[in-house]
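Working through the structure, step by step
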Amino acid sequence: MEAVSFHHYLTPELVRFVVSQFKLSHSGVHGPSHWMRVRKNGLKLAQKTGANTGVVELFSLFHDSCRVNEDVDHGHGSRGADFAQQCFDDGLLTCDLDELKLLKMACEAHTGGVYAPNVTVATCWDADRLDLPRVFIQVNPRLLCTEYARDPVMIEAAYQRVERWLSRRNNV
């Protein structure tokens, strides 16, 4: 397994705290493994899009962190945004106010958003959507925001990450 280095906003303490608050199975389809694949997708995309990598990493951690089930969970993105705000207010999250605003915007609308207001939010949404095969939904390039996410090579690389996870999960 490769060593993971995090942006200075994504401290080990913050990651441990968010994971400890997660109510669902840590091995579920919306759990920490998904978050880390979204992070990887997002950082790969950010190399091309120029998105704020700190926000991309924070999005990966918070976007599904407040789900109450593995199925349709209306409001989980807004709850994740509120949780990020709480962590900011408590001093656990050290980004600046503009980054917090972008993070909350990305979390709140990540399941149904069609028009991303800027490249960082678009990168966050695409990073999450590239991981849809984990729930047996094929990635639809027309529903991706950035040209880089629509690249068949990017889609295939994300798909392979999901396949490796599913294989390990099924062999446990």
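Report follows, based on the coordinates.

Calculation criteria
Residues numbered from 1 in each chain as written. Predicted model: local features only at pLDDT ≥ 70, side-chain atom pairs only at ≥ 80, totals over all residues. Heavy atoms only, no water. Phe/Tyr/Trp six-rings, centres within 6.5 Å; stacked < 30°, edge-to-face > 60°. Helix = DSSP H or I, 4+ residues; strand = E, 2+ residues; numbered from the N terminus. Buried < 20%, exposed > 50% of the residue type's maximum accessible area, 1.4 Å probe, protein only. Axes fitted to C-alpha atoms, helices over the stretch in contact; angles between N-to-C directions. Parallel < 35°, antiparallel > 145°, perpendicular 65-115°, else oblique. Contact = heavy atoms within 4.5 Å. Nonpolar A, V, L, I, M, F, W, Y, C, P; charged D, E, K, R; others polar. Core = buried A, V, L, I, M, F, W, Y, C linked by side-chain atoms within 4.5 Å.

1. Description of the packing of aromatic side chains
For the structure on display, the rule yields 3 aromatic pairs. Here the aromatic rings of Phe 22 and Trp 35 are separated by 5.1 Å at their centres, their planes lie at 80°, and the arrangement is edge-to-face. Pair noted here: Phe 22 is in the loop between helix 1 (12-21) and helix 2 (32-49) and Trp 35 is in helix 2, with a separation of 13 residues, a long-range link. By relative accessible area, Trp 35 is classed as buried at 0%. A network of ring pairs unites the aromatic residues Phe 17, Phe 62 and Phe 83 as a single cluster.

2. Points about the packing of helix 1 against helix 3 (residues 53-62)
Helix 3 packs onto helix 1 with a crossing angle of 25° between their chain directions and a minimal axis gap of 10 Å. By the angle between their directions, the pair helix 1 and helix 3 is classed as roughly parallel. Note on element contacts: helix 3 touches helix 1 through Leu 58, Leu 61 and Phe 62, opposite Leu 14, Val 15 and Val 18. Its residues placed into classes, the contact of helix 1 with helix 3 shows 6 nonpolar, no polar and no charged.

3. Concerning the environment of Lys 23
As for its placement among the helices and strands, Lys 23 is situated in the loop between helix 1 and helix 2. Each C-alpha atom of the pair Lys 23 and Arg 67 lies 7.3 Å from the other, and the pair is 44 residues apart in sequence.

4. What about the nonpolar core?
Core analysis: the biggest nonpolar cluster contains 36 residues, and Leu 14, Leu 58, Phe 59, Leu 61, Phe 62, Leu 93 and Leu 103 have the highest contact counts within it. Put simply, the parts of the chain that give this core at least two residues each are helix 1, helix 2, helix 3, helix 4 (76-89), helix 5 (97-108) and helix 6 (119-129). For this core, the leading source of residues is helix 3, giving 6 residues. Filtering out sequence-adjacent residues up to four positions away, Leu 14 remains in contact with Tyr 9, Leu 58, Leu 61, Phe 62, Cys 87, Leu 92 and Leu 93. Leu 130, Val 139, Ala 149 and Ile 155 belong to the second largest nonpolar core, which has 8 residues in total.

Taken by themselves, the reported measurements are silent on function.
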